[in-house]
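Summary of structural features
For reference, the chains in residue letters:
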Amino acid sequence: MMPFCCAWILKSGPRLDWLLAGRLRRFRGLLGADFGRAMARDAERDDPAVHPYHRDEFSALARAAS
């Protein structure tokens with residue numbers, strides 16, 4: 001069973017994304033489908049290095065995979 005605070009964050013997170021404006025925008029949540037598309041697109045790269053991504057970069061990868 002998931003603790004109440006974790007369940008609350010998962011359910012209310014998308015509704016609170018508007019609070020993360022300006023420089024904090026990169027910490028907004030991602031949809032699972034967008035995350036999956038972005039990771040599939042990244043796996044196609046021929047570069048075995050570690051690539052940290054922020055929200056905007058994930059969104060760009062997900063759009064490129066669509």
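A brief structural summary. (Residues numbered from 1 in each chain as written. Predicted model: local features only at pLDDT ≥ 70, side-chain atom pairs only at ≥ 80, totals over all residues. Heavy atoms only, no water.)

With that out of the way, let us pick up the overall build of the protein. The helix and strand tally for the protein stands at 3 helices and 0 strands. The helix and strand sequence of the protein, counted from the amino end, reads α-α-α. A burial count over the protein gives 15% of its 66 residues as buried. Considering only residue pairs separated by 6 or more positions, the protein has 40% of its internal contacts joining residues 24 or more positions apart. For the protein, the exposed surface amounts to about 5500 Å²; the carbon and sulfur share of it is 64%. (Helix = DSSP H or I, 4+ residues; strand = E, 2+ residues; numbered from the N terminus. Buried < 20%, exposed > 50% of the residue type's maximum accessible area, 1.4 Å probe, protein only. Contact = heavy atoms within 4.5 Å. Areas by Shrake-Rupley, 256 points an atom, 1.4 Å probe, with all protein chains shown as cover.)

Another point: the nonpolar core. One finds Ala38, Tyr53, Phe58, Leu61 and Ala62 forming the largest nonpolar core, which totals 5 residues. Sorting elements by how many residues they give to this core places helix H3 (residues 55-65) first, with 3 residues. Each residue touching Leu61, except ones within four places of it in the same chain, is listed here: Ala38, Arg41, Asp42 and Tyr53. (Core = buried A, V, L, I, M, F, W, Y, C linked by side-chain atoms within 4.5 Å.)

Before going further, it helps to spend a moment on H3. The set of residues buried in H3 consists of Arg55, Phe58, Ser59, Leu61 and Ala62. Each buried residue of H3 sits inside an arc of 165° when the element is viewed along its axis, so together they form one side. Elements that come into contact with the buried residues of H3 comprise helix H2 (32-43). (Arc of directions from axis to C-beta.)

Right, let's get into the environment of Phe27. One can find Phe27 in the loop between helix H1 (4-12) and H2. Look at Phe27 and you get partly exposed, because its relative accessible area is 47%. For the pair Phe27 and Asp56, spaced 29 residues apart in sequence, the C-alpha separation works out to 9.3 Å.

Scanning the model with the defined rule gives 2 aromatic pairs in all. Ring plane angle 40° and centroid distance 5.3 Å describe the contact between Phe35 and Phe58, whose orientation is recorded as tilted. Residue Phe35 is found in helix H2, and its partner Phe58 is found in helix H3; the two are separated by 23 residues along the sequence. Phe58 gets classed as buried once you look at its relative accessible area, which sits at 12%. Taken together, Phe35, Tyr53 and Phe58 form an aromatic cluster joined through their ring pairs. (Phe/Tyr/Trp six-rings, centres within 6.5 Å; stacked < 30°, edge-to-face > 60°.)

In short, the description is geometric, and any link to function would need to be established separately.
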